[in-house]
Amino acid sequence: MSVTEILKNHITEYGIEVDEELFKKLDIYASLLKEWNEKINLTAILDDEGIAVKHFLDCLLVGKYADFKKGDKIIDVGTGAGFPGLVLAVAYPDCRITLLDSTGKKLKAVEDIASNMGVNNVQFVHMRAEDAGKKPEFREKYNYATARAVAELRVLLEYTLPFVKVGGSFLSLKGASAIDEIDGAKDALKTLGGKINEINEFSLPGGDKRAIINVKKISQIPPKYPRVSAQIAKKPL
């Protein structure tokens, strides 16, 4: 079976509705992901089942737990191979998606994949998150920020919440450690004007535990945040 045939077999049990055009584009995504991975390391998951479930389904489930509206601006911080940001761009063509990554080679690959899929609601930003988060053109300009498998939650909050408008949300895609990370992020939430709005836990086909943590931005962040990466790593909030 192809990647999208596998995805079709799983997707209805999660209550997700998508059109045939999305499957066509994701087929292109899967093919080019494998091609590019021969040149640069984008992902360790390259089997069809893994791409369908651990990449595409995992990312599509973000939309189930968010209320994306036409015109919403979303930034995917540390997008890597485009997860979840590029998948969301395919699924929500009326939203405007910014894919941010500090590795130019990865962004070049993702830009090529997006172009071949005919996805044109994306912007590519080659920059470190802590630098972009202080720039006026990015700071507090987004309805949503997303991040997957980048860092622990208390660290992620400092990298992502500066991008989010007050009233918007950061959607953190996490594995089984999600609840423990929430306990360790209380000081960061208080300092950065965030509040846990919702925690959605589920399992992927095969049993892998997942969670999507919705962090509401309830107040502006002090100007000194985000700090430089060395400070964030050495003294996380």
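In the block above lies the structure referred to throughout.
The structure presented is a predicted model; accordingly, all values stated were derived computationally and were not measured.

Chemist: So what about the pairing of strand S6 (residues 194–203)? Which residues, and what values?
Modeler: In terms of strand pairing, S6 meets strand S7 (residues 209–217) through nine bridges, oriented antiparallel. Following the sheet pairing, Glu 198 is matched in S7 by Asn 214. Turn length for the S6-S7 hairpin, with the two strands adjacent in sequence and antiparallel, is five residues, and the turn residue Gly 206 shows positive phi of about 105 degrees.

Chemist: How would you summarise the sheet that holds S7 if you had to cite specific residues and measurements?
Modeler: Strand pairing in a sheet relies on backbone hydrogen bonds. The paired strands run either parallel or antiparallel. Taking strand neighbours across the sheet as the criterion, the seven strands line up as S3-S2-S1-S4-S5-S7-S6 in an open arrangement whose pairing is mixed. In this open sheet, the two edge strands, each paired with only one partner strand, are strand S3 (122–126) and S6. Going across the sheet, the axis of each strand differs from the next one's by a mean of 20 degrees, ignoring polarity. Two elements, strand S1 (residues 73–77) and strand S2 (residues 96–101), share five bridges in a ladder whose sense is parallel. What sits directly across from Asp 76, in S2, is Leu 99.

Chemist: Describe the pattern of salt bridges, naming the residues involved and giving the relevant values.
Modeler: As enumerated under the stated definition, the model contains eleven salt bridges in all. Across the pair Asp 58 and Arg 148 runs a salt bridge whose closest N-O atoms are separated by 2.9 Å. Separated by 90 residues along the polypeptide, Asp 58 in helix H3 (residues 48–64) and Arg 148 in strand S4 (residues 142–148) bring together distant segments of the chain. For Glu 152, the salt bridge identified is with Arg 154, shortest N-O distance 3.2 Å.

Chemist: Go over H3 with me, naming the residues and quoting the values.
Modeler: Over its 17 residues, H3 runs 23 Å from end to end, which matches the ideal 24 Å to within 8%, given 1.5 Å per residue. Leu 57 marks the point of greatest bend in H3, at about 35 degrees. Most of H3 is tucked away, with 13 of its 17 residues classed as buried.

Chemist: Describe the packing of aromatic side chains, with residues and values.
Modeler: Where two aromatic rings form a pair, the distance of their centres and the angle of their planes describe that pair. What the rule picks out here adds up to seven aromatic pairs. Considering the side-chain rings of Phe 56 and Phe 83, the 6.3 Å spacing of their centres and the 65 degrees angle between planes classify their relative orientation as edge-to-face. Taken together, the positions of Phe 56 in helix H3 and Phe 83 in the loop between S1 and helix H4 (85–91) put the pair 27 residues apart, joining distant regions of the chain. Residue Phe 56 shares its accessibility class with Phe 83, and that shared class is buried. Measuring from ring centre to ring centre gives 6.4 Å for Tyr 142 and Phe 163, while their planes differ by 80 degrees; the resulting arrangement is edge-to-face. Placement of Tyr 142 in strand S4 and of Phe 163 in the loop between helix H7 (153–160) and strand S5 (164–174) is noted, with a sequence separation of 21 residues between them. Assessed through its relative accessible area of 1%, Tyr 142 is described here as buried. Residue classification places Phe 163 among the buried residues on the basis of a relative accessible area of 0%. Pairwise contacts between aromatic rings join Tyr 29, Phe 56 and Phe 83 into one cluster. Above the plane of the ring of Phe 23 lies Lys 8, whose end atom (NZ or CZ) is 4.9 Å from the centre. Directly above the aromatic system of Trp 36 lies the positively charged group of Lys 39, at a separation of 4.5 Å from the ring centroid.

Reading guide: rules and limits
- Residues numbered from 1 in each chain as written.
- Predicted model: local features only at pLDDT ≥ 70, side-chain atom pairs only at ≥ 80, totals over all residues.
- Heavy atoms only, no water.
- Pairing = 2+ DSSP bridges.
- Helix = DSSP H or I, 4+ residues; strand = E, 2+ residues; numbered from the N terminus.
- Axes fitted to C-alpha atoms, helices over the stretch in contact; angles between N-to-C directions.
- Salt bridge = Lys/Arg side-chain N within 4 Å of Asp/Glu carboxyl O.
- Expected span 1.5 Å × (residues − 1).
- Bend = angle between axes of the 7 residues up to and from the residue.
- Buried < 20%, exposed > 50% of the residue type's maximum accessible area, 1.4 Å probe, protein only.
- Phe/Tyr/Trp six-rings, centres within 6.5 Å; stacked < 30°, edge-to-face > 60°.
- Lys NZ or Arg CZ within 6 Å of the ring centre and 35° of its normal.

Interpretation note: all reported values are geometric properties and have no functional meaning in isolation.
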